[in-house]
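# Coordinate analysis (summary)
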Amino acid sequence: MLLNPVISKLAGKRVVLASASPRRQDILTNVGLRFEVVPSWFKETLDKSVFAAPYEYALETAKQKALEVARRMHMKHLKTPDIVIGADTIVTLEEAILEKPVDKQDAYNMLSRLSGKEHSVFTGVSIVLCNRQKDNQLEMDVFDFYEETKVKFADLSEDLLWEYVHSGEPMDKAGGYGIQSLGGMLVESVHGDFLNVVGFPLNHFCKKLAEIYYPPSKQTINRIKHDSIPYVETFENLSDVEKDCCVKREAPDVKKGSQEKCNYALRNKSSNVTVPDTAALQNGIPETNHLQLPANIIHLLDGFKASKTLFAACKLKVFDELKEKRDLKAEDISEKINASLRGTEKLLDACVALGLLEKTHQVYSNTEAANTFLVSDGEFSIHEYIMHTNDNLWPLFTNLELAVKEGTCQKQRVIEKHSHSLVQDTHLCNQDKKKSFMTAMHGMMKITAKDIATAFDLSEYSSACDLGGCTGSLAHDLVQIYTNMKVNVFDLPGVIENVCHFQPEHFDTSRITFTSGNFLEDQLPEADLYILSRVVHDLPDEKLDHLLQKISNACYPGKSALLLAEIVLDEEKREPRALLQSLSMSEGKQRSGSEYRSLLQNYGFTSVVFRKTGNLLDAVLAVKS
Ligand SMILES: Cc1cn([C@H]2C[C@H](O)[C@@H](COP(=O)(O)OP(=O)(O)OP(=O)(O)O)O2)c(=O)[nH]c1=O
């Protein structure tokens, strides 16, 4: 596929989309790009009057969104990305810039201005290439571009517009409409790139990538036939997979040499209908309309294999061996992990393909990410959390069809015993399991604690109580950041008796206390700020009601608050991590920001705000008034 070389140039790189827009995530996922989503905290409040043209405003906003994320990630946990992509979409009508409506009246006003007229949609896109220098300074190269699409609205009646506004669709969209959904019914014609209106000009983005990664040679420019994505000449840098697929398509009369072969394959695919597949014809295979399997389906077909490769490599301690010895051959590794050479080679090569290991001249080494996160003893290791996923979640998901049919969690089937609480009965049933469960939760929380602690300014709360706070990893970050705060970690006795194994050395823990108890049954300790991390989504309605009522009763109006750490679903409920997690069919459920708001308002928390952190968990702060 002609697009593949462009997108696959980003494979193995840490690509970050600095956007909370689910549409942008979909567009890029659908073409097979692998990326992390870290929504930008840049406030879209640039003074529009200083920009000579509206697109300059969109470009600058997109750039600032991307730069903010690049800098923030660089500063935290050595997580410097390779590439950050930012975007900003605006609607312009007669010089006025329309962004997202602030309320329903504003949405109605925007839409009635657009009614019967043609307007422009501009998306500015910024691609920031990051480079961490030896002295840990961040060097960035910024590439940006914008795309304009003209959209003409039909004449729309007041009633129709209000009905549309009440659908809720306009609120998170520039100009107050979504052309890809109900809003498509308002549109008479579109001139230009449709995806640009939806928030991401994919075609122009690919051109820009090609420009960045394949600056065209003189001959190439002369040979460009395709008027869309620039012709790709420099093929020798592409992955083996691509080379293989080109070789397979080699025509008998094509001269030897990989460059020639690849060019043939590319031209053939790029030309839509005009160039016959000579290889197929010479083999006597009639040419047919060739349907390409969408990249997301291909990824999903293989997704479980990739996850299991990571789990197996962790379980066999491959990353630990490579951390200790650095560069090893497959023979040495197979001996150390006590596995067959054949199996080890296959596992190692799969890890290389997944970007977990590096390989040069048959010698394997850890990537920086593997050294940081996948070894079992690193400060930010999630090794035990990966093992928990392998040992406890994987079996649940192998029963997914049954879980869907029955609408119930499959843990009983999996552990073959009746259980009211997976946590208590399986993870805490013996000392070893207890420790590995706590290590898993500790590693997971360590990665995300700082983002939870800093999602809001919590300096006005002098005492906090982390209900179900396990090893106290969030407490450690809280007391470090808020120098006046004392934190009480409240958890089951079986957990509290083991917390001593998880306390960091050389760290003042005098403001952290640990209290044994069951938050559903026992009296809650007094605190200004109660915290529930990964608790709410797991509790059935009845228990949740009981717990929230207890917390609400313990809170002083105007003084106390509740902080939740959860994956917050987007309003359209399309965020894959939360939706996939909910398939484990625990008795609780995943919620969007507005669902958390209405839930917590029932318990007297009138001010409820949430923040997407871009990390494993998001934060919700609810203040009782
Ligand atoms: C006009 C139009 C806009 N939109 C969306 C695209 C963008 O998501 C949004 C414009 O707001 P943006 O500020 O560009 O993006 P965002 O707030 O959704 O995400 P972030 O700032 O985190 O990147 O409007 C549609 O989905 N359909 C449409 O037809």
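Bear in mind the structure is a predicted one, so any value in this text is a computation, not a measurement.

## What to know about empty space enclosed by the protein
Per the stated rule, a full pass over the model turns up three cavities of 30 Å³ or more. Here the largest cavity is characterised by a volume of approximately 110 Å³. Considering the residues around the largest cavity, the lining is formed by 10 residues, among which Met73, Lys76, Lys79, Asp451 and Asn615 are closest to the centre. Its residues placed into classes, the lining of the largest cavity shows two nonpolar, four polar and four charged. A domain split of the lining of the largest cavity shows at least three residues from each of domain 1 (4–225) and domain 2 (448–623).

## Details of the site of the ligand
For the ligand, the set of nearby residues contains 21 residues, the closest of which are Ser19, Arg24, Lys65, Lys100 and Ile179. Residue Asp88 places a side-chain N or O atom 3.2 Å away from an oxygen atom belonging to the ligand. For the ligand, an oxygen atom lies 3.0 Å from a polar atom in the backbone of Ala174. Within the complex, the protein chains bury 95% of what would otherwise be the 600 Å² of accessible surface of the ligand. According to the grid-proximity analysis, the pocket containing the ligand is the second largest pocket. By residue number, the principal contributor to the shell around the ligand is strand β3 (residues 83–93), which donates three residues.

## So, a negative patch on the surface
On the surface, Glu331, Asp332, Glu335 and Glu345 cluster together into a patch of negative charge. The element that contributes the greatest number of residues to the negative patch is helix α14 (residues 330–336), accounting for three residues. Along the chain, Glu331 falls in helix α14. A residue is classified by how much of its surface remains accessible, and Glu331, at 43% relative accessible area, is partly exposed.

## Brief notes about the environment of His204
With respect to the helices, strands and loops of the structure, His204 is situated in helix α7 (residues 202–213). Contact partners of His204, with chain neighbours within four places excluded, come to Phe145, Tyr146 and Glu147.

## Observations concerning the pairing of strand β16 (residues 605–611)
The sheet contact formed by β16 and strand β17 (residues 618–624) spans six bridges and is antiparallel. Looking at the pairing, Val609 lines up with Leu621 of β17. With antiparallel pairing between neighbouring strands as the criterion, β16 and β17 make up a hairpin whose turn holds six residues, including Gly614 at a positive phi of roughly 80 degrees.

## Considerations on the pairing of strand β15 (residues 561–566)
It is a general feature of regular strands that their side chains alternate between the two faces of the sheet. Where burial is concerned, most of β15 is hidden: six out of the six residues are buried. Every second residue of β15 is oriented toward a common face, with Ala561, Leu563 and Ala565 on one face and Leu562, Leu564 and Glu566 on the other, all of them buried. Relative to β15, strand β14 (residues 529–533) runs parallel, the two sharing five bridges. Its bridge partner lying in β15, Leu529 is registered against Ala561. Each parallel crossover has a hand, and the one from β14 via helix α24 (residues 541–554) to β15 is right-handed. Note that β15 and β17 share six bridges and pair antiparallel. Residue Ala561 lies in a different strand from β17, and its bridge partner there is Val623.

## A closer look at the sheet that holds strand β8 (residues 328–329)
Across the sheet, which stays open at both edges, the three strands sit in the order β8-β10-β9 with antiparallel pairing between neighbours. The open sheet terminates on both sides in strands that have one partner only, identified here as β8 and β9 (357–360). Two elements, β8 and strand β10 (residues 363–366), share two bridges in a ladder whose sense is antiparallel. Looking at the pairing, Lys329 lines up with Val363 of β10. The strands that helix α15 (residues 341–353) touches are β9 and β10; relative to β9, the one it contacts most, it runs at about 105 degrees.

Rules behind the numbers
- Residues numbered from 1 in each chain as written.
- Predicted model: local features only at pLDDT ≥ 70, side-chain atom pairs only at ≥ 80, totals over all residues.
- Heavy atoms only, no water.
- 1 Å grid on protein atoms, 1.4 Å probe; cavity = no way out; pocket = protein on both sides within 12 Å on 5 of 7 lines; lining within 4 Å.
- Points joined across faces, edges and corners; volume = space filled by probe spheres on them.
- Nonpolar A, V, L, I, M, F, W, Y, C, P; charged D, E, K, R; others polar.
- Domains from an automatic or database assignment.
- Near = heavy atom within 4 Å.
- Polar contact = N/O pair within 3.5 Å; in protein donor to acceptor, adjacent residues only side chain to side chain.
- Areas by Shrake-Rupley, 256 points an atom, 1.4 Å probe, with all protein chains shown as cover.
- Sits in = over half its atoms within 2 Å of the grid points.
- Helix = DSSP H or I, 4+ residues; strand = E, 2+ residues; numbered from the N terminus.
- Patch = residues over 30% accessible without salt bridge, like charges linked within 9 Å, V, L, I, M, F, W, Y side chains within 5 Å.
- Salt bridge = Lys/Arg side-chain N within 4 Å of Asp/Glu carboxyl O.
- Lys, Arg positive; Asp, Glu negative; His and termini not counted.
- Charge placed at Lys NZ, Arg CZ, Asp CG, Glu CD.
- Buried < 20%, exposed > 50% of the residue type's maximum accessible area, 1.4 Å probe, protein only.
- Contact = heavy atoms within 4.5 Å.
- Pairing = 2+ DSSP bridges.
- Right-handed = clockwise from strand over helix to strand, strands pointing away.
- Axes fitted to C-alpha atoms, helices over the stretch in contact; angles between N-to-C directions.

Just geometry here; none of it tells us what the structure is for.
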